[in-house]
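Close look at the chain arrangement
Given next are the chains, with one letter for each unit.
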Amino acid sequence: MLQISGLSKTYPNGVQALKDINLNISNGMFGLLGPNGAGKSTLMRTIATLQDADTGSILFGDIDVFKQKQELRQVLGYLPQEFGVYPKVSAEEMLHYIARLKGIADPKERKELVKALLEQVNLYNHRSKSLGGYSGGMKQRFGIAQALIGNPKLIIVDEPTAGLDPAERLRFNNLLSEIGENIIVILSTHIVDDVSELCNDMAIISGGKVVQRGNPDELVLGLENKIWTKRVKKEEVAKYQAEYKMVTAKLSGGSMMVYINSDTDPGNGFKSEKATLEEIYFSNII
Ligand code: ADP
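In short, a report on the structure. (Residues numbered from 1 in each chain as written. Predicted model: local features only at pLDDT ≥ 70, side-chain atom pairs only at ≥ 80, totals over all residues. Heavy atoms only, no water.)

1. A short note on the overall build of the protein chain
What counts here: To qualify as a helix, a DSSP run of H or I must reach at least 4 residues; to qualify as a strand, a run of E must reach at least 2; elements of each kind are numbered from the N terminus. Relative accessibility thresholds used throughout: buried, under 20% of the residue-type maximum; exposed, over 50%; partly exposed, between the two (1.4 Å probe, protein chains only). Contacts between residues were defined by any pair of non-hydrogen atoms, one from each residue, lying within 4.5 Å. We get accessible surface area from the Shrake-Rupley algorithm with a probe of 1.4 Å; when it comes to residues, only the shown protein chains can shield them. Note on charges: Lys and Arg go in the positive column, Asp and Glu in the negative column, and His and the chain ends are not counted at all. Where a charge lies is defined by one atom per residue type, namely NZ (Lys), CZ (Arg), CG (Asp) and CD (Glu).
A tally of regular secondary structure across the protein chain gives ten helices and 14 strands. Per-residue burial over the protein chain gives 48% buried out of 286 residues. If you take every contact in the protein chain between residues at least 6 apart in sequence, the share linking residues at least 24 apart comes to 67%. On the protein chain, roughly 14300 Å² of surface is accessible, and the fraction owed to carbon and sulfur atoms is 48%. Each charge class in the protein chain can be summarised by its mean position, and for the 33 positive and 34 negative side chains these summaries are 5 Å apart.

2. Focus on the packing of aromatic side chains
Geometrically, a pair of aromatic rings is defined through the distance of the ring centres and the angle of the planes. For the record, the criterion: Only Phe, Tyr and Trp rings are paired, with Trp represented by its six-membered ring, and only when their centres lie within 6.5 Å; those with planes under 30 degrees apart are stacked, over 60 edge-to-face, the remainder tilted. Should the NZ of a Lys or the CZ of an Arg lie within 6 Å of a ring centre and within 35 degrees of the ring normal, that charge is described as sitting over the ring.
Scanning the entire structure with this criterion turns up four aromatic pairs. Ring centres of Tyr240 and Tyr244 lie 5.9 Å apart, and the angle between their planes is 15 degrees; this geometry places the pair in the stacked category. Like Tyr240, the residue Tyr244 is buried in the burial classification. Note on Tyr240 and Phe270: the rings are 5.9 Å apart at their centroids and 75 degrees apart in plane angle, and the pair reads as edge-to-face. With Tyr240 in helix 9 (residues 237–243) and Phe270 in the loop between strand 13 (255–261) and strand 14 (271–272), this residue pair connects regions lying 30 residues apart in the sequence. With a relative accessible area of 7%, Phe270 lands in the buried category. An aromatic cluster of three or more residues is present, and its members are Tyr240, Tyr244 and Phe270. The ring of Tyr124 has Lys115 lying over it, and the distance from NZ or CZ to the ring centre is 5.5 Å.

Take it as geometry only, folks, not as evidence of what the structure does.
Encoded structure:
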C-alpha cells in the first residue's frame, strides 16, 4: 500500500503545484488523470524520490519515502515523462548497462534477464538497433523494459502515451496491462481513454488537488441517465453554457455537440447520452 498524506509543494517561483494531496493506493493499475499543469509530474517525481515536498509524508509499506530514499529506489521502476536515450547505443547494450547499475552482477543472469525483457516488450528483433533509430512507441516500450529490471514493487509511468500514434498507443497499453496485478502501477496521463481502458482505481487531479477518486466504472455510474447532448451552432455554445449545467462542448462531424448534466429530461431537443469517464473528467477539472 502506498499512503500519501498531506502532500504540498510550492516551487520557488510561487506556483503551488500540490495542495494537500491525500491518496491511498493498493495493488493494481492506478490512473492519475489530469490536465496539463495539474501537478501530475510533480507528484510522480516526489513519489519517485527525485524531488522533495514542503509538507506531508509518503509511506510505501514500511518504507518512509522521504527518509529512506535508497530503500524506495530499490523497489521502484520509473518511466519519466522525458525519457532520454543514448542514441548510438543498442537496446540490448543499454539494458545490460542499466541491469548492472541495478546490481545484477552475474553476466549469465543478466543475459537471460535482458533477453526475457526484450521479448516481453516485443523488441527482441530490434535488440541490436541503436536507440536513436527507435520510433516513439519503441522508445516507450524500451522504457518499460528498463523500468521492469529488478522486479519492482512500484512502477510509475508518467504520460507514457503522449505523442504515440493510435497503434503504438494500443501496443503500449497492452504491454502495461500485462504487468503483474500484485504490484502497484501508477499511470499518470491526461488521456481519459488510457485510464478507462487500463485502470481499476483512479484519481482526478486538477490545480494541484485531488478532485475525484474511485473506481472508473462506479464513477461513471454516478452520472447514469444524467448526461444529455444536443447539436448546436458554435456561436450558441455560450448561451447553452449560461442556461444549463454544461459538462463539455466538443466538435463532432464538423459541428458542435454540447453535453449537459441534468437529473431530468431538459427537453429543448436534448437527447439522453450514455455517460463515460470523459464526462466525469470534464465535470471535475477546474
Ligand atoms: P503536469 O505533470 O500535470 O502537467 P506539473 O507537475 O508538471 O503538472 O506542473 C504543475 C505546476 O507546477 C505547473 O503550473 C507547472 O508550470 C509548475 N512547475 C512544474 N515544475 C516546475 C519547476 N521546476 N519550477 C517552477 N514551476 C514548476
